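Coordinate analysis (summary)
Here is what each chain is made of, one letter per residue.
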Amino acid sequence: MAKAKKEWILRAQKALEKAYVPYSHFPVGACLITKQGQTYQGINIENASFGLSNCAERTAIFKAVSEGERDFKHLVIAGNTLQPISPCGACRQVMAEFFSQDMPVTLVGKNGVLKEMTVEQLLPYSFTGQDL
């Protein structure tokens, strides 16, 4: 595995420590990498009004977009799950909005078990701005 990818995985795993999960106790961390090599970490942030919670993936994406970033090359999502963690539907739809269909996404579970996918594999036949 490339040195850079190992670093991205470590950043996503490190973000787990900052997750705000007083209700589910299910931390998730993310590391989004731009084509220029900038990284943005994200965590899930819960709220007592559960519908107002935000996932780690969307936190990282929204942080990057709010800083003017639009060109992304990789996303790593880490969780304390036995199998590689799977992003929710809302996160998949946001990924389809901001990432190319062939952008790689690395899903990481406990003990470093990995699954490599693309945005298209995560959300085939996605709804995008081209459909409007």
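Thresholds applied
- Residues numbered from 1 in each chain as written.
- Predicted model: local features only at pLDDT ≥ 70, side-chain atom pairs only at ≥ 80, totals over all residues.
- Heavy atoms only, no water.
- UniProt positions renumbered as here; feature names shortened; annotations may be inferred.
- Helix = DSSP H or I, 4+ residues; strand = E, 2+ residues; numbered from the N terminus.
- Expected span 1.5 Å × (residues − 1).
- Buried < 20%, exposed > 50% of the residue type's maximum accessible area, 1.4 Å probe, protein only.
- Arc of directions from axis to C-beta.
- Contact = heavy atoms within 4.5 Å.
- Axes fitted to C-alpha atoms, helices over the stretch in contact; angles between N-to-C directions.
- Parallel < 35°, antiparallel > 145°, perpendicular 65-115°, else oblique.
- Left-handed = near helix turned anticlockwise from the far one by under 90°.
- Nonpolar A, V, L, I, M, F, W, Y, C, P; charged D, E, K, R; others polar.
- Patch = residues over 30% accessible without salt bridge, like charges linked within 9 Å, V, L, I, M, F, W, Y side chains within 5 Å.
- Areas by Shrake-Rupley, 256 points an atom, 1.4 Å probe, with all protein chains shown as cover.
- Salt bridge = Lys/Arg side-chain N within 4 Å of Asp/Glu carboxyl O.
- Pairing = 2+ DSSP bridges.

In the annotation of an unreviewed UniProt entry, the entry for the chain reads Cytidine deaminase, and the organism field reads Tetragenococcus solitarius. UniProt's Sequence similarities (unreviewed entry) comment on the chain is quoted here verbatim: "Belongs to the cytidine and deoxycytidylate deaminase family." Recorded in UniProt for the chain, the comment headed Function (unreviewed entry) runs: "This enzyme scavenges exogenous and endogenous cytidine and 2'-deoxycytidine for UMP synthesis."

This paragraph deals with helix α1 (residues 3-15). When the terminal C-alpha atoms of α1 are compared, their 19 Å separation across 13 residues agrees well with the 18 Å that a helix rising 1.5 Å per residue should span. By the burial criterion, the buried members of α1 are Lys5, Trp8, Ile9, Ala12 and Ala15. End-on, the buried residues of α1 take up no more than an arc of 125°, which puts them together on one face. Residues of α1 that are exposed and angled more than 90 degrees away from the buried face: Lys3 and Leu10. Next to the buried residues of α1 lie β1 (28-34), β2 (39-43), β3 (72-79), β4 (104-108) and β5 (114-118).

Sequence positions flagged by UniProt for "domain: CMP/dCMP-type deaminase" (unreviewed entry) are, in local numbering, residues 3-130. Taken end to end, residues 3-130 is 30% helix and 23% strand, and its first and last C-alpha atoms sit 36 Å apart.

Below, the discussion takes up the packing of helix α2 (residues 56-66) against helix α3 (residues 89-98). Where α2 meets α3, the closest approach of the two axes is 9 Å, and the angle between their N-to-C directions is 30°. When the interaxial angle is binned, α2 and α3 end up roughly parallel. Note on packing geometry: the crossing formed by α2 with α3 is left-handed. Residue-level inspection shows Glu57, Arg58, Ile61, Phe62 and Val65 of α2 in contact with α3, the latter providing Ala90, Cys91, Val94, Met95 and Phe98. Here the residues of the contact of α2 with α3 sort into 8 nonpolar, no polar and 2 charged.

Once that is clear, we can look at a nonpolar patch on the surface. A cluster of nonpolar side chains, Tyr20, Tyr23, Ile45 and Phe50, forms an exposed patch at the surface whose accessible area comes to about 440 Å². Inspection of the secondary structure puts tyrosine 23 in the loop between α1 and β1. The partly exposed category is assigned to tyrosine 23, whose relative accessible area is 41%.

Right, let's talk about the sheet that holds β3 for a bit. Read across the open sheet, the 5 strands follow the order β2-β1-β3-β4-β5; overall the sheet is mixed. Across the chains shown, the open sheet's two edge strands, defined by having one partner strand only, are β2 and β5. Across this sheet, the average inter-strand angle for adjacent strands is 15°, counted without regard to direction. In terms of strand pairing, β1 meets β2 through 5 bridges, oriented antiparallel. What sits directly across from glycine 29, in β2, is isoleucine 43. Along the sheet face, α2 touches β1, β2 and β3 and points at about 140° away from the line of β2.

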